[in-house]
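For reference, the chains in residue letters:
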Amino acid sequence: MTALPSEPAQRVEPGLVSRALEIAGRLANDAADVITDTAGRGARPAATESPFDWVTDTGRILERHTRRVLADEFPGIPVFGEEFDSSPGTTVAEQWAARSSSARFRWSVDPVDGTANYVAGLPWCAYSLAMLDEHGPVVGVVADPYRGQIYAAARGRGMRANGTPVRLSDQQETRAGIVCTELTRTGAWCGMDRFITNATAAQVGVRLLGSPALAIAQVALGHAMAAVLDSYEEWDVAGALALAAESGAAVLDRQGRHTALPSDGLLVAAPGVADNVLHWWSQSTGDRTSESTG
């Protein structure tokens, strides 16, 4: 069984939250227009870059624009982003610790989440932005450009899709459901094949769509029953985790503990099916652990 939720996060000044939602929504709308206008232009990664982890001019431009606007509107709140803050020489946990200790609040942006899809012109990528404090996301927005949707949420205020409130139903049945997962920077995560086998044995479909933010958003919207991400960066998931939490989804770490922003693998699921999916995931990665220590 999953653990009980932790204590409620600290309340944030309402005026700051409202302004953060407004500015983040405006930036998401700007980014959606740019992404749809420029996608599929034929850019390719350099020979030294992984196709799962590379940058584009659009990503750099959108991140610079985001940083400029946030610096003007929220001076003193640091901004961390996909294009200019990746630190290959440090672990994910070390990077997250450095960010979370720098100030009470921070912004985290992924200007094009799903870059390989964007470059190919596949209609499945997103812009993701979140304001966080020590307890996790305070405000989060995810732009889904190809569906003309802006998903937004703020702590204690619920989730909205283009202004319409979203709340998950009490789903209990796993059969015929969809679970999303994603590749890591180097390809399949260790245990992914077993996880897929576990899910399909329960007559559940598994989808790898190429955007962690949109994978989590599908759970928040009730389209997918769960998303499992074995690894990621904060900017990949922070905006979408705000959506998930406010829609009523469970956000769990590898041990099944409710955690607003897990730092090493996460499960986002409709609460009624979270234990089932956690079991499939734990079983697949547990096999990997025993093999590595045997």
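The rules behind the values
- Starting from 1, residues in each chain are numbered consecutively following that chain's sequence as written.
- In keeping with the predicted nature of the model, local features appear solely for residues at pLDDT of at least 70, side-chain atom pairs appear and are counted solely at 80 or more, and the whole-chain, interface and lining totals rest on all residues.
- Derived side-chain values reflect all non-hydrogen atoms in the structure, with water molecules and hydrogen atoms excluded from consideration.
- A carboxyl oxygen of Asp or Glu within 4 Å of a side-chain nitrogen of Lys or Arg is what we treat as a salt bridge.
- Each helix corresponds to a stretch of at least 4 residues labelled H or I by DSSP, and each strand to a stretch of at least 2 residues labelled E; elements are numbered beginning at the N terminus.
- To sort residues, take the accessible area from a 1.4 Å probe on protein chains only and compare it with the maximum for the residue type: under 20% means buried, over 50% means exposed, and anything in between is partly exposed.
- Between the N-to-C directions of two axes lies an angle of 0 to 180 degrees, each axis being a line fitted to C-alpha atoms and, for a helix, fitted only over the stretch in contact.
- For classification, angles of less than 35 degrees are called roughly parallel, those exceeding 145 degrees roughly antiparallel, those between 65 and 115 degrees roughly perpendicular, and all remaining angles oblique.
- Contact criterion: two residues are considered in contact whenever any of their non-hydrogen atoms come within 4.5 Å of each other.
- Lys, Arg, Asp and Glu make up the charged group, whereas Ala, Val, Leu, Ile, Met, Phe, Trp, Tyr, Cys and Pro make up the nonpolar group; the residues left over, Gly among them, are polar.
- A pair of strands counts as paired when DSSP detects no fewer than two bridges linking them.
- Within a predicted model, pLDDT stands for the predictor's per-residue confidence, ranging from 0 to 100.
- Note on ring pairs: Phe, Tyr and Trp rings are taken, using the six-membered ring of Trp, and paired if centres are within 6.5 Å. Classes follow the plane angle, with under 30 degrees stacked, over 60 edge-to-face and the rest tilted.
- To estimate how far a helix should extend, the number of its residues minus one is multiplied by 1.5 Å.
- The term polar contact refers here to a pair of N or O atoms within 3.5 Å; inside protein, the definition further demands a hydrogen-donor-capable atom paired with an acceptor-capable atom, and it admits residues adjacent in sequence only when both atoms are side-chain atoms.

(A) Local environment of the pattern of salt bridges. This structure, assessed with the given rule, holds ten salt bridges. With its nearest N and O atoms 3.3 Å apart, the salt bridge here joins aspartate 57 to arginine 60. Residue aspartate 57 and its partner arginine 60 are both found in helix H2 (residues 57–73); the two are separated by three residues, about one turn of the helix. Given a relative accessible area of 29%, arginine 60 falls into the partly exposed group. Here glutamate 234 makes a salt bridge to arginine 106, at a shortest N to O gap of 2.8 Å. Placement of glutamate 234 in helix H7 (residues 234–247) and of arginine 106 in strand E2 (residues 106–113) is noted, with a sequence separation of 128 residues between them. Residue arginine 106 is classed as buried on the basis of its relative accessible area, which comes to 4%. One network of salt bridges, with partners in common, ties together Asp230, Arg254 and Asp264.

(B) Fine view of the packing of helix H6 (residues 212–221) against H7. Their axes nearest at 8 Å, the elements H6 and H7 cross at an angle of 5 degrees. On the basis of the axis angle, H6 is roughly parallel to H7. Residues Pro212, Ala213, Ile216, Ala217 and Ala220 of H6 form the contact with H7, whose participating residues are Asp236, Val237, Ala240, Leu241, Leu243, Ala244 and Ser247. Residues that form the contact of H6 with H7 fall into these classes: ten nonpolar, one polar and one charged.

(C) Summary view of the sheet that holds strand E7 (residues 164–166). Taken together, the seven strands give an open sheet; going across it, the order is E1-E2-E3-E4-E5-E6-E7, and neighbouring strands pair in mixed fashion. Looking at strand neighbours, the two that pair on one side only are strand E1 (79–81) and E7, the edges of this open sheet. Along the sheet, successive strands turn relative to each other by an average axial angle of 20 degrees, direction set aside. The strands touched by H2 are E1, E2 and strand E3 (126–133); relative to E2, the strand with the most contacts, the crossing angle is about 155 degrees.

(D) Highlighting the confidence of the model for the protein chain. Across the protein chain, the average pLDDT comes to 88, with 83% of residues at or above 70. Here residues 287–294 is modelled with pLDDT under 50, and outside its nearest four sequence neighbours on either side it reaches four contacts, counting other chains as well.

(E) Just unusual backbone geometry, in detail. Here the phi dihedral of asparagine 162 falls at roughly 50 degrees; this positive angle occurs in a residue that is not glycine. In this structure, asparagine 162 sits in the loop between strand E6 (158–161) and E7. The phi dihedral of glutamine 203 is positive, around 60 degrees, even though this residue is not glycine. Tracing the sequence through the fold places glutamine 203 in the loop between helix H5 (192–201) and strand E9 (205–208). Accessibility expressed as a relative area gives 47% for glutamine 203, which makes it partly exposed.

(F) Broad picture of the packing of aromatic side chains. Applying the stated criterion across every chain yields a total of two aromatic pairs. For the ring pair phenylalanine 74 and tryptophan 107, a centre distance of 5.3 Å and an interplane angle of 55 degrees mean the geometry is tilted. Here phenylalanine 74 is found in the loop between H2 and E1, whereas its partner tryptophan 107 is found in strand E2, with 33 residues between them in sequence. Residue phenylalanine 74 is classed as buried on the basis of its relative accessible area, which comes to 3%. Ring centres 5.8 Å apart and planes at 45 degrees place the aromatic pair tryptophan 189 and phenylalanine 195 in the tilted group. Residues tryptophan 189 and phenylalanine 195 agree in their burial class; the two are buried.

(G) Representation of helix H1 (residues 14–38) within the structure. A rise of 1.5 Å per residue sets the reference length of H1, with its 25 residues, at 36 Å; its end C-alpha atoms lie 36 Å apart and thus fit the reference within 8%. Looking at H1, one finds that the buried residues are Leu16, Val17, Ala20, Ile23, Ala24, Gly25, Leu27, Ala28, Ala31, Ala32, Ile35 and Thr38. The elements touched by buried residues of H1 are H2, E2, helix H4 (115–120), E3, strand E4 (136–144) and strand E5 (149–154). The residue sitting at the N-terminus of H1 and contributing the capping side-chain oxygen is glutamate 13; that oxygen lies 2.9 Å from the backbone nitrogen of glycine 15. Just past H1, the residue glycine 40 takes up positive phi, approximately 70 degrees.

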